[in-house]
Amino acid sequence: MPVTFSIKLFTRLAGLAVLIALVCSLVAWGLSSVRHQAWQEQLATPLMTWLARTPSPGQHYHWLPRLYDFRIRDADELNLDAVSLERLGYGHTLVKADQLGPRVLVARPAGGVLSMRLRNLYPDVAEATALVLLWHLNEIPAADRESAAIPLAESLGVRLSALADSRRLPQPEVLTRVWERNIAWYGDQEQGHVLLRLDDGTLMRMDMPGGFRALSLPVLVLLVGLAALVLLVAVRLLMRDLEHSLRSVESVAVRIARGDLEARVELGQGSLVSRLARSFNGMAEQIQRLVEVQREMIHAVSHELRTPVARIRFGVQMIETARDEQALHRQLDGIDNDIQELDELIDEILTYARLEQGGPVFSLRPASVTDIVRQVVEEQGVLHPATAIEAVIPEQSELFSESDIEPRYLHRAIQNLVGNACRYATGKVRVSCLLDEQNCRVDVEDDGPGIPEQEWEKVFSAFARLDDSRTRNSGGYGLGLSIVRRILFWHGGQSFVSRSDDLGGARFSLVWPRRQ
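Residues numbered from 1 in each chain as written. Predicted model: local features only at pLDDT ≥ 70, side-chain atom pairs only at ≥ 80, totals over all residues. Heavy atoms only, no water.

Q: Outline the pattern of salt bridges, supporting the account with residue identities and numerical values.
A: In total, this model carries 16 salt bridges according to the counting rule given. Note that glutamate 77 and arginine 73 form a salt bridge whose closest N and O atoms lie 3.8 Å from each other. Look at glutamate 77 and you get partly exposed, because its relative accessible area is 46%. Judged by relative accessible area, which is 17%, arginine 73 ranks as buried. For glutamate 402, the salt bridge identified is with arginine 515, shortest N-O distance 3.3 Å. Placement of the pair is glutamate 402 in strand β11 (residues 402-405) and arginine 515 in the segment after β15 (506-513), with a sequence separation of 113 residues. Where salt bridges share partners, they join Glu390, Lys428, Arg430 and Asp502 into one cluster. (Salt bridge = Lys/Arg side-chain N within 4 Å of Asp/Glu carboxyl O. Buried < 20%, exposed > 50% of the residue type's maximum accessible area, 1.4 Å probe, protein only. Helix = DSSP H or I, 4+ residues; strand = E, 2+ residues; numbered from the N terminus.)

As structure tokens, this is what we get:
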């Protein structure tokens, strides 16, 4: 997997993780704020409802004004918003926090709003509730206390139990405080308790409702579900992009299947299937090129085969009318040469087709380039005795003569160039080897008429010839240079043509990396 793609994927996953964490944090903070406000009001509701129903709570429980700034106020004095006033009208308990601490409000049925100022809501509500319970329990006879304590505690939203077993007693410092104030708060913010000492010395424990928990099980389930939802949406968006890209590839594939070989996939920036699209376009271009090559080959082959076949037909007709043995042998020799030409043409066509349609399975191995050049020069010297073929191999090139090549095909490429040069040369052909540690270069020059510069690229096209000759002596088949270019392509190199500075004719050059 490419490093760039890995970095992009990591960045997206990290961004997704940050997004999920941010969304969950915001939701958790919002839920926590709402739940905490609701928990505060729910905690204070039993006590405030009890006090609101008491005719004169400030006089009945004389310690309330001194300990909790307890008083009855008019609603207009409280500077409440419309929603808070409406909630008070419905009998809801409100908890309003300011710089001095939480303030608990509730509307009285008889009119006015009860207001209590607390320092710490949970322990202060617990102690105020305990004081109310303590006052009423002291007023109840001991014989009736057990039956009256349970409904009284339920009305105030707490649980009350007698401490008859010494193993249930709290720590000694709690006992010390309860002997001083008759009540003692202990516990923590998750679960609070208040120890009460009645006038007759009876100890009772009041258990408060559970404290506020920001991460309760329902909240955790909700956050996990929310994270899964965000992940699902992100994956869906990512898959939509991927699906769109794949559909574009699919549509182009359908168009190509219907014959539209010009169809290509648009390469999007940062697309997840950009590499697939790039490879697909490369495949489509290769298919289009092969189809065009096939069409050109069929057209050219039909044209190339027509001439020797016509000559063979003509020779056969001449054999029927031959009057002497010399004329018969002449026609037979002509037919044999035409068959040889057909054989060579078929060999050229098969080689070209094999190279164009994916190339041979090259088995590159170290071999001497200079030995191949000398072998080609020697062979072509026998075939073209009227042309002086010279091999120029500097001593420096001999040091780097070994290269990773396919000897048979490289021999074919150099042979085609030397054969072409001999066909058009006036009398001299030069083959030069320029080899170094990195690259190999072979130049084939002749002293012929050369090739016009505007035709330099055309000569490497299949079946392209710069003259109109179709004779066996000078015309050729127009495949030799195409084969040369394809052989160099499969060696990772290239071939090109220019003008020879020394001989004045054409100069064909082969360049490829020395080591593959």
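Back to the write-up after that little detour.
Q: If you had to explain the packing of helix α13 (residues 407-424) against helix α14 (residues 480-490) to someone new, which residues and values would you point to?
A: One can describe the packing of α13 onto α14 by two numbers: an axis separation of 9 Å at closest approach and a directional angle of 145 degrees. Handedness of the α13/α14 crossing: left-handed. Every residue of α14 that contacts α13 at Tyr409, Leu410, Arg412, Ala413, Asn416, Leu417 and Asn420 is listed here: Gly480, Leu481, Ile483, Val484, Ile487 and Leu488. Classifying every residue of the contact of α13 with α14 gives nine nonpolar, three polar and one charged. (Axes fitted to C-alpha atoms, helices over the stretch in contact; angles between N-to-C directions. Left-handed = near helix turned anticlockwise from the far one by under 90°. Contact = heavy atoms within 4.5 Å. Nonpolar A, V, L, I, M, F, W, Y, C, P; charged D, E, K, R; others polar.)

Q: Outline the side chain of serine 495, supporting the account with residue identities and numerical values.
A: Counting through the fold element by element, serine 495 comes out in strand β14 (residues 494-499). In contact with serine 495, other than residues within four places in its own chain, are Phe460, Val484, Arg485, Leu488, Ser509 and Leu510.

Q: Any chance you could break down the sheet that holds strand β12 (residues 428-435) for me, citing the residues and the numbers?
A: Taken together, the five strands give an open sheet; going across it, the order is β10-β12-β13-β15-β14, and neighbouring strands pair in mixed fashion. Two strands bound the open sheet, and with one partner strand each, they are β10 (388-392) and β14. The sheet shows a mean angle of 15 degrees between the axes of neighbouring strands, direction not considered. Relative to β12, β10 runs parallel, the two being bridged by five bridges. Bridging across to β12, valine 392 finds its partner in serine 432. (Pairing = 2+ DSSP bridges.)

Q: For the pairing of β14, give the residues involved together with the corresponding values.
A: Sheet analysis places β14 next to β15, joined by six bridges and oriented antiparallel. Bridge pairing in β15 places glutamine 494 opposite valine 511. Where β14 folds back on β15, the antiparallel hairpin that results is connected by six residues, among which glycine 504 adopts a positive phi of roughly 90 degrees.

Without other data, these values stay purely geometric and don't point to any function.
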